[in-house]
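Each chain, written out:
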Amino acid sequence: MGKATGFMEYERQAVKERTPDKRVKDWTDYTIPLSTEEAERQGARCMDCGVPTCQTGMEMTGGTSGCPVYHLIPEWNDLVYRGQWKEALRREHLMNNFPEFTGTACPAPCEGACVLGINEQPVAIRSVERSIIERGFAEGWVVPEPPKTRTGKKVAVIGSGPAGLAAAAQLNKAGHSVVVFERSDRPGGLLTYGIPEMKLPYEMVERRIRILEQEGIEFRTNTEVGKDYPASALQADFAAVIMCTGAAVHRDVEVEGRQLGGVHYAMDFLHSSTKSLLDSNLEDGKFISAKGKDVIVIGGGDTGTDCLATAVRHDCRSLVQFDVYEQKDGVRDEVSNPWPQYPRIHRVEYGHKEAASVFGSDPRAYAVMTKKFVGDEAGNVKEVHTVGVKVRIDEHGNRIREEILGTERVWKADLVLLAIGFSGPEQELPQQLEIEVEANTRVKAEHGRFTTNREGFFAAGDMRRGQSLIVWAINEGRGAARECDRFLMGETVLP
Ligand SMILES: Cc1cc2nc3c(=O)[nH]c(=O)nc-3n(C[C@H](O)[C@H](O)[C@H](O)COP(=O)(O)OP(=O)(O)OC[C@H]3O[C@@H](n4cnc5c(N)ncnc54)[C@H](O)[C@@H]3O)c2cc1C
């Protein structure tokens, strides 16, 4: 294990952040990774528990507890503490093809399940994970490892988000020839066009794509299967297909004035901003700009937070985020949310800190429901009307949301961003391929097997699971690759 007494000697130290008032002036990574010495001390805090709940990913009461890719966390914490970084990197890559993505942007359910977290600050697992992979790249230890032999079988992966990339990496490792189709101009899925630059820089995605290409994977960007490449050709051109097209259908607010100009889906805002930033440093003007605007973000989740951080960098005039839920407590409720469940607590994320640094206070308004949008003569939004809400539990235990009389309010707004989640995957491709979907529109394929009703066609990631996390997408992509390899070869050694 790490240092036997490390958890008593050292305080938790996670990645540091650049100060909000400075970082809002640029789009570079807002964090500062741990130094070698700092990471070694953090590794020393790991207790190498008999039951490593941190690495035992599972779903609990609707949330994730522990690591879904079953990262060998106590092992690499110990190796880092002992200064054996190269071996730590090898152990990291055994379970996760892309520790740089999870080490940067995962909400770290491993830390929520860390035993030390029962009565102390948990081990800074995600920060150590990131330090290992960054050291690996810096030292030149992360190099292309193409397979020694090829099976002669061609596999198509549709979608290049974390699920598609993990599936492609694993299938390529098994010797299959992999083509990844991506309809966007850049690969990466939501790693590229969802999570903004300052949280997960595109450079990081590109660096990994270059390695995958050198390992033999072919990427066909600007190619939408079902449009630019006929879905009907897949069967003849490939021995198997893994579909990882995400869950991009937005949830909408169905209220008066929804059609007004200036009311946009969060993803249109985020995607256009990142594309323009990467193409032209925001000089081409081809993005939804928040500059000089009164911005309201509807939705209290991570997508909403990414909108805050982006709008602040555009130099908006004012910024508010509506959350329909009440503000949570700062510590987890031991009865309704006990360890090792993911802590459902009040968090102050990077976007909140940045908005507060510019406007003087946290941008969130809690327990607020949107009633209507009101526009000007030109058809553009100028106001958002809301009412306060509270939750009542009825006699059957159901949670009923009720409006509170007298809490009606009018907010000035000329840009409204809808960040209230996603209802499921787009249906065109499953329909064209006659792939069955569940009542909730997700593709029907059991977790662990990932097979659809059509032989040789597998599904993984948000398309199968619904909008989730990078780490689950990697779990699913790896799992689908394993089952696809078994289908092609009759057996598999993929984990
Ligand atoms: C704004 C935002 C921020 C997020 N932040 C985080 C975070 O910080 N941490 C975290 O863990 N998770 C985060 N998530 C969730 C996470 O990004 C997703 O769960 C994950 O990316 C899903 O991976 P995927 O591969 O299944 O799908 P996606 O990443 O959605 O990729 C699907 C890809 O398929 C492509 N595609 C679709 N149809 C076709 C077609 N017919 N032909 C070719 N290509 C096609 C799409 O263009 C897309 O590139 C965030 C999500 C959003 C929306």
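That block above? That's the structure.
The rules behind each value
- Residues numbered from 1 in each chain as written.
- Predicted model: local features only at pLDDT ≥ 70, side-chain atom pairs only at ≥ 80, totals over all residues.
- Heavy atoms only, no water.
- Helix = DSSP H or I, 4+ residues; strand = E, 2+ residues; numbered from the N terminus.
- Rg over C-alpha atoms; globule rule 2.2 N^0.38 Å.
- Buried < 20%, exposed > 50% of the residue type's maximum accessible area, 1.4 Å probe, protein only.
- Contact = heavy atoms within 4.5 Å.
- Lys, Arg positive; Asp, Glu negative; His and termini not counted.
- Charge placed at Lys NZ, Arg CZ, Asp CG, Glu CD.
- Near = heavy atom within 4 Å.
- Polar contact = N/O pair within 3.5 Å; in protein donor to acceptor, adjacent residues only side chain to side chain.
- Nonpolar A, V, L, I, M, F, W, Y, C, P; charged D, E, K, R; others polar.
- Phe/Tyr/Trp six-rings, centres within 6.5 Å; stacked < 30°, edge-to-face > 60°.
- Lys NZ or Arg CZ within 6 Å of the ring centre and 35° of its normal.
- Pairing = 2+ DSSP bridges.
- Axes fitted to C-alpha atoms, helices over the stretch in contact; angles between N-to-C directions.
- 1 Å grid on protein atoms, 1.4 Å probe; cavity = no way out; pocket = protein on both sides within 12 Å on 5 of 7 lines; lining within 4 Å.
- Points joined across faces, edges and corners; volume = space filled by probe spheres on them.

A. Inspection of the overall build of the chain at higher detail. A count of helices and strands for the chain gives 18 helices and 20 strands. Computed over its C-alpha atoms, the radius of gyration of the chain comes to 23 Å, within 12% of the 23 Å expected for a compact globule of 495 residues. Dimensions of the chain along its principal axes, counting C-alpha atoms only, are 70 × 60 × 55 Å. Going through the 495 residues of the chain one by one, you find that 52% of them count as buried. Within the chain, contacts between residues separated by at least 24 positions form 67% of all contacts whose residues are at least 6 apart in sequence. Put simply, the chain has 61 plus and 73 minus side-chain charges, and the middle of one group is 2 Å from the middle of the other.

B. Expanded view of helix α15 (residues 350-359). Residues Y350, G351, H352, E354 and A355 constitute the buried set of α15. The elements touched by buried residues of α15 are α2 (20-23), α14 (302-314), β12 (318-323) and β13 (364-366). Where α15 ends, the next residue or the one after it, G360, has phi of about 95°, a positive value.

C. Structural context of the side chain of S273. Structurally, S273 can be placed in helix α13 (residues 266-280). If near-sequence neighbours (up to four positions away) are discounted, S273 is found in contact with W27, L282, F287, T310 and H314.

D. Broad picture of the site of the ligand. Around the ligand there are 35 residues in total, and A105, E182, K199, V225 and D462 lie nearest to it. Between the ligand and R183, the relevant distance is 3.2 Å, taken from a nitrogen atom to a main-chain nitrogen or oxygen of the residue. Residue L469 places a main-chain N or O atom 3.4 Å away from an oxygen atom belonging to the ligand. Broken down by secondary-structure element, the contributors of at least two residues to the shell around the ligand are α9 (162-173), α13, α14 and α18 (470-489). Residue composition of the shell around the ligand, by class: 16 nonpolar, 13 polar and six charged.

E. Geometry of the packing of aromatic side chains. Applying the stated criterion across every chain, the model contains six aromatic pairs. A centroid spacing of 5.3 Å and a plane angle of 35° characterise the contact between F98 and F101, whose relative ring orientation is tilted. For the pair formed by F98 and F101, the shared burial category is buried. Members of the aromatic cluster, each reached through a chain of ring pairs, are F181, Y229 and F238. Directly above the ring of F457 sits R454, whose terminal nitrogen or CZ lies 4.5 Å from the centroid. The ring of W472 carries R465 above its face, with NZ or CZ at 3.7 Å from the centroid.

F. Structural detail: the sheet that holds β13. Pairing within the open sheet is parallel, and its five strands lie in the order β10-β18-β11-β12-β13. Each having just a single partner strand, β10 (263-265) and β13 make up the two edges of the open sheet. Averaged over all adjacent pairs, the angle separating strand axes in this sheet is 25°, with direction ignored. Of the strands in this sheet, β10 and β18 (415-418) are in contact with α13, which crosses β10 at around 75°. In the packing of α14 onto the sheet, the strands contacted are β11 (294-298), β12 and β18, and the crossing angle to β12 comes to about 175°.

G. Seen up close, the layout of surface pockets. Roughly 600 Å³ of volume is contained in the second largest pocket. In this structure, the second largest pocket is lined by 23 residues; those nearest its centre are H93, V143, E145, K173 and E215. At the level of elements, α5 (85-95), α9 and α11 (202-214) are the ones that each hand at least two residues to the lining of the second largest pocket. The biggest single contributor to the lining of the second largest pocket is α5, with six residues. Its residues placed into classes, the lining of the second largest pocket shows eleven nonpolar, four polar and eight charged.

H. Spotlight on the sheet that holds strand β6 (residues 177-181). One open sheet accounts for five strands, arranged β7-β6-β5-β8-β20; its pairing is parallel. Two strands in the sheet have a free side with no partner beyond their single neighbour: β7 (218-220) and β20 (457-459). Going across the sheet, the axis of each strand differs from the next one's by a mean of 20°, ignoring polarity. Pairing analysis gives three bridges linking strand β8 (residues 240-243) to β20, with the strands arranged parallel. Looking across to β20, one finds that I242 is bridged to F458. Packed on one face of the sheet, α18 meets β5 (154-158), β8 and β20 and runs near 165° to β8.

I. Region of the structure containing the environment of C484. You can see C484 is positioned in helix α18. The exposure class of C484 is buried, given its relative accessible area of 0%. Separated by 26 residues in sequence, C484 and F458 have C-alpha atoms that sit 7.2 Å apart. Excluding its chain neighbours within four sequence positions, the residues that come into contact with C484 are V155, L171, A240, I242 and F458.

J. Spotlight on the pairing of strand β15 (residues 381-393). Sheet analysis places strand β14 (residues 368-375) next to β15, joined by seven bridges and oriented antiparallel. Looking across to β15, one finds that M369 is bridged to V387. Hairpin connection from β14 to β15: five residues lie between these consecutive antiparallel strands, with G379 at a positive phi of about 85°. The sheet contact formed by β15 and strand β17 (residues 409-412) spans four bridges and is antiparallel. Bridge pairing in β17 links E383 to K412. Two strands pair when backbone bridges link them, and β15 and strand β16 (residues 399-403) are joined in this way by five bridges, in the antiparallel orientation. Across the sheet, the residue bridging to V391 is R401, located in β16. In this antiparallel pair of consecutive strands, β15 and β16, the connection spans five residues, and G397 shows a positive phi of 85°.

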